Amino acid sequence: AEDLAALADRYVDRVFELNPIQATFVGETKYADQLVNNQSVEFRQRERALQVETLAALEKIDATKLSEPERLTYDVLKYRASMALESQRYDFHLTPFNQFYSLPLTLVQFASTEGAQPFRTVADYEAFLRRLDGFPAWVDGAIANMQEGARRGIVQPKVLMQRVLSQLKTQKVDDPVKSGFYRPATRFPAAVRDEDRVRLAGEYRRMVVEKVTPAIVRLYDYIEKDYLPKCRDSAGIGALPGGAERYAFRARESTTTDYTP
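In what follows, the accompanying structure is described. (Residues numbered from 1 in each chain as written. Predicted model: local features only at pLDDT ≥ 70, side-chain atom pairs only at ≥ 80, totals over all residues. Heavy atoms only, no water.)

1. Side note on the overall build of the protein chain
Check the secondary structure of the protein chain and you find ten helices and zero strands. Along its sequence from the N terminus, the protein chain presents helices and strands in the succession α-α-α-α-α-α-α-α-α-α. Its C-alpha atoms give the protein chain principal-axis dimensions of roughly 60 × 50 × 25 Å. Burial analysis of the protein chain (261 residues in total) assigns 45% to the buried set. Taking as baseline every contact in the protein chain between residues at least 6 positions apart, the subset at least 24 positions apart corresponds to 77%. A total accessible area of about 13,900 Å² is found for the protein chain, and carbon and sulfur atoms account for 50% of it. Distance from the positive charge centre (37 side chains) to the negative charge centre (37 side chains) of the protein chain: 5 Å. (Helix = DSSP H or I, 4+ residues; strand = E, 2+ residues; numbered from the N terminus. Buried < 20%, exposed > 50% of the residue type's maximum accessible area, 1.4 Å probe, protein only. Contact = heavy atoms within 4.5 Å. Areas by Shrake-Rupley, 256 points an atom, 1.4 Å probe, with all protein chains shown as cover. Lys, Arg positive; Asp, Glu negative; His and termini not counted. Charge placed at Lys NZ, Arg CZ, Asp CG, Glu CD.)

Structure below.
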């Protein structure tokens, strides 16, 4: 039981290290300044290693000696690691986002100061700047993955990416003050002093002008000019190469059953 508890705690910590956005959503502020590029080969290697190591550690634990609550932890951890490992077989990274799940959309929602990202102190504001600093690399990785997906015929439905373009267009701004990513600098809490407000406003302006907006423009232009013409008129992942297997996996992942679609 002690080995299992330590393993579960370690697993959660490592999942948060790999997925700091997820950590922010569940209220873990330790990773609020981080943005891991989950579009990279290195990320997928680290993700795979975590699941393999976790499953190997679970094999060394005698589940018959666990209490009922401990067995539940064991089973959930094994299921989570197994599904995360299996998901890599289907190259979901080649379609890295859509109109519903999108890092650019998530980050601009965070920047509203009304979401999961904390904006209570100067340190909070500085943390989000550090997080945004990793956004251009994520964009470049996403473009590279979509290019590979297009070569292999693994692309999103055209209608969804048209909606993505509409979303991205709202952040293609000439005036940085009009960017959603600048909004934190317009909504300082009382705890932030005037001199810090001036400094942070300048830093947010530079971040928008030098990094965020150029990355948004690169992403928009690639989707509009190169990716959208290669997108499909069909709907659903079943229409993709190997689509039946992809769909069956998503059904199992979403329902936690072994029923066929």
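Picking up where we left off.
2. Observations concerning the pattern of salt bridges
For the structure shown, the criterion picks out 18 salt bridges. Across the pair R130 and D33 runs a salt bridge whose closest N-O atoms are separated by 3.1 Å. Of the two residues, R130 is situated in helix α6 (residues 122–133) and D33 in the loop between α2 (20–25) and α3 (41–59); the sequence distance between them amounts to 97 residues. Relative accessible area serves as the criterion here: at 46%, R130 is assigned to the partly exposed category. Owing to a relative accessible area of 23%, D33 belongs among the partly exposed residues under this scheme. Among the ionic pairs, E148 bridges to R152, the shortest N-O distance being 3.9 Å. (Salt bridge = Lys/Arg side-chain N within 4 Å of Asp/Glu carboxyl O.)

3. Remarks on the nonpolar core
General note: in soluble globular proteins, nonpolar side chains tend to be found buried as a group. One finds F97, L107, F135 and I223 to be the most contacted residues of the largest nonpolar core, which totals 45 residues. Among the secondary structure elements, those contributing two or more residues to this core are α5 (103–111), α6, α7 (135–152), α8 (158–169) and α9 (194–227). The residues touching F135, leaving out its near neighbours within four places in the chain, are L35, L103, P104, L107, V212, A215 and I216. Residues L4, I61, A63 and L66 belong to the second largest nonpolar core, which totals 18 residues. (Core = buried A, V, L, I, M, F, W, Y, C linked by side-chain atoms within 4.5 Å.)

4. Quick notes on α7
End to end, α7 covers 26 Å across 18 residues, agreeing with the expected 26 Å (1.5 Å per residue, within 8%). Listing the buried residues of α7 in full gives F135, P136, W138, V139, G141, A142, I143, N145, M146, G149 and A150. Contacts from the buried residues of α7 go to α3, α5, α6 and α9. Where α7 terminates, the next one or two residues include G153, which has phi positive at roughly 75°. (Expected span 1.5 Å × (residues − 1).)

5. Some points on the side chain of Q39
Mapping Q39 onto the fold places it in the loop between α2 and α3. When near neighbours in sequence (up to four residues on either side) are disregarded, Q39 contacts R44, H93, P96, W138, G141, A142 and N145.

6. As for unusual backbone geometry
Non-glycine residue D91 carries a positive phi angle of around 55°. Among the structural elements, D91 can be located in the loop between α4 (68–87) and α5. The backbone of T256 sits at a positive phi, close to 60°, despite the residue not being glycine. For T256, the position within the fold is in the segment after α10 (243–255).

7. Examining the environment of V15
You can see V15 is positioned in helix α1 (residues 2–18). Accessibility expressed as a relative area gives 6% for V15, which makes it buried. Each C-alpha atom of the pair V15 and Q51 lies 9.8 Å from the other, and the pair is 36 residues apart in sequence. Filtering out sequence-adjacent residues up to four positions away, V15 remains in contact with Q22, L50 and R80.

8. Re a negative patch on the surface
Taken together, the side chains of D9, D13, E17 and E28 define an acidic patch exposed on the protein surface. Tracing the backbone through its elements, the reader meets D9 in helix α1. (Patch = residues over 30% accessible without salt bridge, like charges linked within 9 Å, V, L, I, M, F, W, Y side chains within 5 Å.)

9. Quick notes on the packing of α3 against α4
Viewed as axis vectors pointing N to C, α3 and α4 meet at an angle of 145°, and their least axial separation amounts to 9 Å. Handedness of the α3/α4 crossing: left-handed. In contact with E47, R48, Q51, V52, T54, L55, L58 and E59 of α3, α4 contributes Y74, L77, K78, R80, A81, S82, A84 and L85. (Axes fitted to C-alpha atoms, helices over the stretch in contact; angles between N-to-C directions. Left-handed = near helix turned anticlockwise from the far one by under 90°.)

10. Some thoughts on the packing of α4 against α10
Remark: α4 packs on α10, axes separated minimally by 11 Å, with the N-to-C direction vectors making an angle of 160°. Between α4 and α10, the interaxial angle falls into the category roughly antiparallel. Between α4 and α10 the crossing geometry is left-handed. Contacts between α4 and α10 involve Y79, M83, E86 and S87 on the former and, on the latter, F249, R252 and E253. Tallied by class, residues from the contact of α4 with α10 come to three nonpolar, one polar and three charged. (Parallel < 35°, antiparallel > 145°, perpendicular 65-115°, else oblique. Nonpolar A, V, L, I, M, F, W, Y, C, P; charged D, E, K, R; others polar.)

Take it as geometry only, folks, not as evidence of what the structure does.
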